[in-house]
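# Close look at the chain arrangement
Chain residues, written in single-letter form:
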Amino acid sequence: MARILITSAIPYINGIKHLGNLVGSQLPADLFARFNRAMGHEVMFICATDEHGTPAELAAAKAGKPVEEYCAEMHEVQKKLAEGFRLSFDHFGRSSSQRNHRLTQHFAGKLAENGFIEEVVEKQVFSIDDNRFLPDRYITGTCPNCGYEAARGDQCENCTKQLDPTDLINPRSSISGSTNLEVRETKHLYLKQRALKDKLEAWIDSKTDWPILTTSIAKKWLNDGDGLQDRGITRDLYWGIPVKKGDQPWPGMEGKVFYVWFDAPIEYIAGTAEWADAHGLDDAAWERWWRTDKGAADVTYYQFMGKDNVPFHTLSFPATILGSGEPWKLVDYLKSFNYLNYDGGQFSTSQGRGVFMDQALSILPADYWRWWLLSHAPESSDSEFTWENFQTSVNKDLADVLGNFVSRVTKFAVSKFGNQVPAGGEFGPLETALIADLGARIADYTRFMEQMEVRKAAAELRAIWVIGNEYLQSAAPWSVVKTDPEQAQAIVRLSLNLIRVYAVLSAPFIPDAAATMMQAVGSEDWTWPADIPAAMRTLAPGHAFTVPENLFRKITDEERADWQARFSGIRA
Ligand SMILES: [Zn+2]
């Protein structure tokens with residue numbers, strides 16, 4: 001039994017995520033967690049909401065709520081949606097937790113102790129009417145290059161010129177519109193990533209089994225242009241983790257908070273500590289997942305994320321850990337994803353384009369979405385959601401192949417032999433061939449799942465469903481029963497056992513349908529099938545079963561057209 005630590009990139013708090021976000025981190029992480037639990041491994045699967053920063057403050061202001069209240073509410077909304085999609089986190093934490101406050105301050109203190117923090121005085125725009133410093137992108141003005149009047153302080157989106165806020169003509173606050181601005185001096189902490197560059201590069205070079213997508217992004221940031229840069233890790237904001245050096249005050253940094261990118265990944269660790277707290281366990285319970293000196297030496301740590309998050313996870317967060325000089329667990333394998341596009345364009349949170357998690361669950365159960373998203377995961381390149389493809393995939397894979405098999409077998413069995421596994425006959429050449437074929441395919445499926453080859457695993461699972469249907473077609477118990485009822489009983493017995501095996505194999509992808517299948521065959525044996533001949537005899541003659549409700553319904557052309565129109569533009 002192995003010990004597997006899994007974290008999914010943590011979703012930002014300011015709104016409901018779309019399906020592209022879901023398939024880029026949380027959903028494949030869940031697939032992997034469920035698979036490893038099924039294999040009998042000890043799994044810790046952590047996610048959380050990422051709650052700090054200006055966008056959270058602005059979203060709260062827009063909602064007319066204090067930011068603490070807004071984040072608490074949105075955390076609950078995201079938590080419920082995660083449950084709706086059956087994301088099996090051991091804990092869904094909050095980056096604003098006291099655990100994260102203490103750990104973030106601890107890491108900053110250690111980094112300072114080890115000489116990896118620099119205090120820098122810089123000039124920043126202060127809005128007198130808003131009574132706050134303004135981040136670059138919250139200052140608007142006229143572009144000195146092209147004259148565009150709504151240029152942002154970091155970049156003009158009209159001519160794409162990179163800007164400094166002080167370059168803007170007639171600058172104003174994007175928050176209040178106030179022009180009552182002045183440049184003030186402010187002190188910030190910088191993480192000296194350049195000083196850690198060699199260590200980081202050696203560590204990344206040692207990861208020869210990582211996907212090219214991951215290492216190429218990391219190497220680009222390490223070496224392109226001027227190479228890896230030091231990064232500011234503090235902000236002049238109200239909402240965040242107060243800057244402290246461990247548990248001590250940090251002179252000159254009063255009233256400032258850590259920048260959200262610094263504290264967010266530390267929440268992976270803090271979230272595990274929150275898990276321990278929630279279960280009334282002591283620090284040793286979570287430290288054995290994270291501290292190699294306290295039991296985590298045998299842990300393998302996997303991270304899941306979209307490609308935009310790779311730089312933070314290959315450079316910034318490891319810099320924090322390496323720079324601390326303490327034996328914290330570094331990621332062992334990082335699985336990154338490309339983007340999922342939507343129906344000829346992009347998903348857009350700001351424009352409300354695409355299907356969002358709450359909307360998806362309001363029209364179909366989680367399994368339909370899980371199956372489509374995972375079987376089309378954007379692994380080697382971007383992929384695209386289209387309603388036609390979704391309809392085809394659901395109707396063919398789920399309804400025609402898997403659902404139909406389960407329905408035909410159970411209905412036929414009950415009508416001919418009653419609601420118990422029939423005892424007659426022996427497995428013949430057709431059954432032997434099926435068992436051999438299954439064995440080879442399940443071995444491939446298991447290997448793809450271990451390797452986190454999501455699409456290949458989905459294709460193999462579908463192929464496993466297909467060979468069951470093909471077997472049923474060739475064995476034709478509905479004909480055989482007329483001439484050789486004993487043999488028909490053997491066919492039905494094998495097919496009922498196959499439903500249990502399908503439940504086990506399918507559970508990581510479609511957990512609800514898997515539970516329905518398992519319940520129908522009256523078993524609780526979720527053992528991963530390694531010995532196929534034995535697995536085909538698990539349900540013994542006389543064992544009771546029932547006919548389940550239809551596992552999947554088909555999507556009609558009318559529904560498809562309706563949804564396509566409904567989700568084409570601005571979110572209502
Ligand atoms: Zn411009």
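Description of the structure in this document. (Residues numbered from 1 in each chain as written. Predicted model: local features only at pLDDT ≥ 70, side-chain atom pairs only at ≥ 80, totals over all residues. Heavy atoms only, no water.)

## Some details on the packing of aromatic side chains
Heads up, the condition is: Stacked, edge-to-face and tilted are the three classes for Phe, Tyr and Trp ring pairs, Trp counted by its six-membered ring, which pair at centre distances within 6.5 Å; planes under 30 degrees apart are stacked, over 60 edge-to-face, the rest tilted. A run of H or I in DSSP becomes a helix once it reaches four residues, and a run of E becomes a strand once it reaches two; helices and strands are each numbered from the N terminus. For each residue, the accessible area found with a 1.4 Å probe, counting protein chains only, is set against the maximum for its type, and the residue is called buried under 20%, exposed over 50%, and partly exposed in between.
Across all of its chains, the model carries 32 aromatic pairs by this definition. Pairing Phe 32 with Phe 304 gives two aromatic rings, centres 5.7 Å apart and planes at 50°, and the pair type is tilted. In this pair, Phe 32 sits in helix 2 (residues 26–38) while Phe 304 sits in strand 15 (residues 299–306), placing the two residues 272 residues apart along the sequence. Note on Tyr 445 and Trp 528: the rings are 5.9 Å apart at their centroids and 15° apart in plane angle, and the pair reads as stacked. One end of the pair, Tyr 445, is in helix 14 (residues 429–450); the other, Trp 528, is in the loop between helix 18 (511–520) and helix 19 (532–535), and 83 residues separate them in sequence. Its relative accessible area of 0% is what places Tyr 445 among the buried residues.

## Section: the coordination of the zinc ion
Expected angles at a metal are 109.5 degrees for tetrahedral coordination by four donors and either 90 or 180 degrees for octahedral coordination by six donors. To keep it simple, the criterion reads: Only nitrogen, oxygen and sulfur atoms within 2.8 Å of the metal, or 3.2 Å for Na, K and Ca, are treated as donors, and water is left out, so sites may look incomplete. A site with four donors is called tetrahedral when every donor-metal-donor angle falls between 85 and 135 degrees; four donors are called square planar, and six octahedral, when opposite donors sit more than 155 degrees apart and all other angles fall between 65 and 115; any other arrangement is irregular.
Listed as protein donors to the zinc ion are Cys 143 (SG), Cys 146 (SG), Cys 156 (SG) and Cys 159 (SG); their distances from the metal cover 2.3 to 2.4 Å. Geometry at the zinc ion is tetrahedral, judged from its 4 donor atoms and the angles of 105 to 114° they form at the metal. In this structure Cys 143 comes out as buried when scored by relative accessible area, which is 2%.

## Quick notes on helix 3 (residues 54–63)
Just so we agree on the cut-off: We call two residues in contact when some of their heavy atoms are within 4.5 Å.
Residues of helix 3 that are buried include every one of Thr 54, Ala 56, Glu 57, Ala 59 and Ala 60, and no others. Buried residues in helix 3 make contact with helix 4 (67–84) and strand 5 (132–133). Gly 64 occupies a position one or two residues after helix 3 and carries a positive phi of about 70°.

## What to know about helix 8 (residues 260–278)
Our working rule: Note on bend: at a given residue it equals the angle between the axes fitted to the 7 residues ending there and to the 7 starting there.
If you look at helix 8, its biggest bend is around 40°, right at Tyr 268. When you tally the buried positions in helix 8, you get 17 out of 19 residues, the bulk of the element. Immediately downstream of helix 8, the backbone of Gly 280 shows phi near 65°, a positive value.

## Some words on the sheet that holds strand 19 (residues 383–385)
Two strands in a sheet stick together by hydrogen bonds in their backbones, pointing the same way (parallel) or opposite ways (antiparallel). As a reminder, the rule being used: At least two DSSP bridges between two strands are needed for those strands to be called paired.
On the basis of which strands lie adjacent, the open sheet formed by 3 strands has the order 18-17-19 and mixed pairing. The sheet terminates laterally at strand 18 (345–346) and strand 19, the two strands that pair on one side only. Bridge count for strand 17 (residues 340–342) against strand 18 is 2 bridges, and the pairing is antiparallel. Within strand 18, the residue paired with Asn 341 across the bridge is Gln 346.

## Some words on the packing of helix 13 (residues 387–417) against helix 17 (residues 485–506)
For clarity, the threshold we go by: With axes taken as lines fitted to C-alpha atoms, and helix axes fitted only over the stretch in contact, angles between N-to-C directions fall between 0 and 180 degrees. Oblique is the label for any angle not covered by the other classes, which are roughly parallel (under 35 degrees), roughly antiparallel (over 145) and roughly perpendicular (65 to 115). Two helices crossing with the near one rotated counterclockwise from the far one by less than a right angle form a left-handed crossing, whereas a clockwise rotation gives a right-handed crossing. Just so you know the grouping, Ala, Val, Leu, Ile, Met, Phe, Trp, Tyr, Cys and Pro go in nonpolar, Asp, Glu, Lys and Arg go in charged, and all remaining residues, Gly too, go in polar.
The geometry of helix 13 relative to helix 17 is characterised by a closest axis approach of 10 Å and an angle of 140° between their N-to-C directions. Between helix 13 and helix 17, the angle is such that the two are oblique. Between helix 13 and helix 17 lies a crossing whose hand is left-handed. For the pair formed by helix 13 and helix 17, the contact residues are Leu 402, Phe 405, Val 406, Val 409, Thr 410, Phe 412, Ala 413 and Phe 417 on the first element and Pro 485, Ala 488, Gln 489, Val 492, Ser 495, Leu 496, Leu 498, Ile 499 and Tyr 502 on the second. For the contact of helix 13 with helix 17, the residue count by class is 14 nonpolar, 3 polar and no charged.

## Points about the environment of Asn 180
What counts here: Any N or O atom pair separated by 3.5 Å or less is treated as a polar contact, with the protein-specific requirement of one donor-capable and one acceptor-capable atom, and with residues adjacent in sequence counted only for side-chain atom pairs.
Structurally, the position occupied by Asn 180 is in the loop between strand 8 (169–173) and strand 9 (181–191). The spacing of Asn 180 and Ile 128 is 52 residues in sequence and 5.9 Å in space, taken between C-alpha atoms. Beyond its immediate sequence surroundings of up to four residues, Asn 180 is in contact with Phe 126, Ser 127, Ile 128 and Asp 129. For Asn 180, the side chain forms a polar contact with the side chain of Asp 129, separated by 3.4 Å.

## A look at the sheet that holds strand 10 (residues 231–232)
In space, the 4 strands of this open sheet follow the order 5-4-9-10, with antiparallel pairing throughout. What marks the edges here is a single partner per strand, and that holds for strand 5 and strand 10. As paired elements, strand 4 (residues 117–127) and strand 5 share 2 bridges and run antiparallel to each other. Of the residues in strand 5, the one forming a bridge with Ser 127 is Arg 132.

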